[in-house]
Amino acid sequence: MKSKYKFVVITLAVVSISCAGFSYNRSAPTPVDSALGYAAATAASLNVKIIDKLENVAAYFRGISRLNAENEKLREELLSARAQLNSLKLVEQENTQLSALLKMQEEYSDFPTIGARIIAKDPGNWFNTFLIDKGANYGLKKNMAVITADGLVGKISECGYNYSKVVSIIDDSDAVSAQSVRTNSVGYVTADFSEEAQCRMQYSENNSDIIVGDEIVTSYISEIYPRGISIGHVKKLITDEKTSLKYAIIEPSVDFSRLDHVLVINKNTSYDFTEVTTVGSDE
Amino acid sequence: MKMKYIAYFLVSLIIFLFQSTLGQYIAIAGIVPNMMLAFVVCTGYKSNAEDGLIIGIIMGLLQDCFFGYYIGCNLFLYGVIGYTVGVLSRDLYKNNFATPIFFTFIAALFYNLGFFVLNILLKGYTDITGYIFLKILPELVYDPLISIPIYYMTSALNRKFSENKIKI
């Protein structure tokens, strides 16, 4: 038994010494050396990577509450930014609307005009009337024309102290004297219910030469409306089978579902608004 | 009891204002569901014929004064609807939300046809087909739907005031 120990120890010493002798003073790593080194280096870097990863995971779990708080904050910021953006968009929209109305006002500079805002619409679905936020306190009176930048809306049918009732041209209780721009043929425009939000134009003479696409404007006959305000375009020509009367279906140039700001025009120039200077800055 | 009628008036005013301003934002295809009609019907059903009549008169007057061409049309229609619903539902079980849906459907039909007769037919227009498809049919769908929340609101109001009555 003892000789076996001796043998092992002596062999180990001889191998170690010879290894030392060989490896002493070498300039490059031996193949064994480099193989071992390669393996060790790989293992070490792998180890480091794993540690990194674990640290990341730990950091992830440590930071989750902080991130949550941050997320919440950013979300709030995003919401407020969005709200701000939307309000800016609204302001921009309002601005374009108002500047278009201002242009209209210059166009009809012969007549006094005043800006107003729609505050309520008919709760039922039968009439197309609405209320605007100015009334007798601003000098508004019955039978003044109401327009937007796109065209004719209607007229004032009733005046309270701080509100006025407006009847639109797509309401069948009212009719507007109209003419076509191209041919000057005269007729009147009233509501039509064959298709929604549309008017019809009944001609004064039955052999009128109006064709599809003609622009219809207010005529020179009216006492309420200044001439030349756009009402709409002819969409269809129809002959009534029973009465053989011809009429034209007209697509209004104003979008009645999206009315917001309107302009009131007073054709009767002998009478003036009380506060005409406040147009446009009347909020 | 006086408090009840003041509350009725205030609630009617709120519903009217809501309908004429914010109602435009819940309009589908340009048709606004008639919350006022639903409120008249629900009050007539939940309370009694007299209350239905009073709410109908308040609502009709509000709508006629602000948007009608003459006063009386909505006054008559809403009043008749409120009173009739009250009389018809006198012996009905009062805690069922489906009954006002049915009543609102019938009332919307009656209201719209009555409105057509009083405002359009008497003027000489006889063609009802456009009106049926563009105004009446959509309302017959929307009004019963809107009557469900209005029913719960009315029953809350009614509960509050019937409690007061017992206390006095």
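Residues numbered from 1 in each chain as written. Chains lettered and ligands numbered in written order. Predicted model: local features only at pLDDT ≥ 70, side-chain atom pairs only at ≥ 80, totals over all residues. Heavy atoms only, no water.

**So, the overall build of chain A**
Summing up its helical and strand segments, chain A has two helices and 12 strands in all. Order of helices (α) and strands (β) in chain A, N terminus to C terminus: α-α-β-β-β-β-β-β-β-β-β-β-β-β. A buried classification covers 36% of the 283 residues belonging to chain A. When contacts within chain A are restricted to residue pairs at least 6 apart in sequence, long-range pairs at least 24 apart make up 58% of them. Split by element, the accessible area of chain A, about 17300 Å² in all, is 57% carbon and sulfur. (Helix = DSSP H or I, 4+ residues; strand = E, 2+ residues; numbered from the N terminus. Buried < 20%, exposed > 50% of the residue type's maximum accessible area, 1.4 Å probe, protein only. Contact = heavy atoms within 4.5 Å. Areas by Shrake-Rupley, 256 points an atom, 1.4 Å probe, with all protein chains shown as cover.)

**Topic: the sheet that holds strand E11 (residues 246–252) of chain A**
Residue and element names in this part refer to chain A. Spatial ordering of the closed barrel is given by E6-E7-E8-E11-E10-E9, a layout of six strands whose pairing is antiparallel. Taking the axes of each pair of neighbouring strands and ignoring which way they run, one obtains an average angle of 45° across the sheet. Of the strand pairs in this sheet, strand E6 (residues 175–180) and strand E9 (residues 215–218) are connected by three bridges, and their pairing is antiparallel. Looking at E9, one finds that Ser-180 is bridged to Ile-216. (Pairing = 2+ DSSP bridges. Axes fitted to C-alpha atoms, helices over the stretch in contact; angles between N-to-C directions.)

**Quick look at the confidence of the model for chain A**
Residue and element names in this part refer to chain A. With 89% of its residues at a pLDDT of 70 or more, chain A has an overall mean of 80. Element-level pLDDT for chain A is lowest in strand E8 (residues 198–203), with a mean of 79, against a maximum mean of 88 in strand E5 (residues 164–168). A low-confidence stretch, residues 276–283 stays under pLDDT 50, and its non-local contacts, those more than four residues away or across chains, total 12 contacts. (pLDDT = per-residue confidence, 0-100.)

**Quick word on helix H3 (residues 49–67) of chain B**
End to end, H3(B) covers 26 Å across 19 residues, agreeing with the expected 27 Å (1.5 Å per residue, within 8%). When we look at burial in H3(B), the residues that qualify are B:Ala49, B:Asp51, B:Gly52, B:Ile55, B:Gly56, B:Ile58, B:Met59, B:Gly60, B:Leu62, B:Gln63, B:Asp64 and B:Phe67. (Expected span 1.5 Å × (residues − 1).)

**Details of the packing of aromatic side chains**
Residues and elements named next belong to chain B. What the rule picks out here adds up to 12 aromatic pairs over all chains. Consider the rings of Phe-102 and Phe-103, whose centres lie 6.0 Å apart with planes at 50°: the pair is tilted. Plain terms: the ring middles of Tyr-111 and Phe-115 are 5.8 Å apart, the flat faces sit at 50° to each other, and that makes the pair tilted. Highlighted residues: Tyr-111 and Phe-115, both in helix H5 (residues 98–120), separated by four residues, approximately one helical turn. For the pair formed by Tyr-111 and Phe-115, the shared burial category is buried. By way of ring pairs, the aromatic residues Tyr-45, Phe-97, Phe-102, Phe-103, Tyr-151 and Tyr-152 are connected into one cluster. (Phe/Tyr/Trp six-rings, centres within 6.5 Å; stacked < 30°, edge-to-face > 60°.)

**Focus on the interface of chain B and chain A**
In this assembly, 29 residues from chain B lie in contact with 22 residues from chain A. Together chain B and chain A conceal approximately 2400 Å² of surface at their shared face, both sides included; 58% is due to carbon and sulfur atoms. Of all residues in chain B, the largest losses of buried area upon contact with chain A belong to B:Phe67, B:Tyr69 and B:Lys135, amounting jointly to 30% of the total for that side. The interface formed by chain B and chain A contains zero salt bridges. Looking at the side of chain B that touches chain A, the elements with two or more residues in it are helix H1 (2–21), H3, H5 and helix H6 (129–167) of chain B. Here the element with the most residues in the side of chain B that touches chain A is H6(B); it accounts for six residues. Residues of the side of chain B that touches chain A, tallied by class, amount to 16 nonpolar, 10 polar and three charged. (Buried area = accessible area lost by both parts, 1.4 Å probe. Salt bridge = Lys/Arg side-chain N within 4 Å of Asp/Glu carboxyl O. Nonpolar A, V, L, I, M, F, W, Y, C, P; charged D, E, K, R; others polar.)

**Section: the environment of B:Ile71**
Residue and element names in this part refer to chain B. Among the structural elements, Ile-71 can be located in the loop between H3 and helix H4 (73–88). The exposure class assigned to Ile-71 is exposed, which follows from its relative accessible area of 55%. Through-space distance from the C-alpha of Ile-71 to that of Leu-61 is 7.1 Å; in sequence the pair is 10 residues apart. Setting aside anything within four residues of it in sequence, one finds Ile-71 in contact with Leu-61, Asp-64 and Cys-65.

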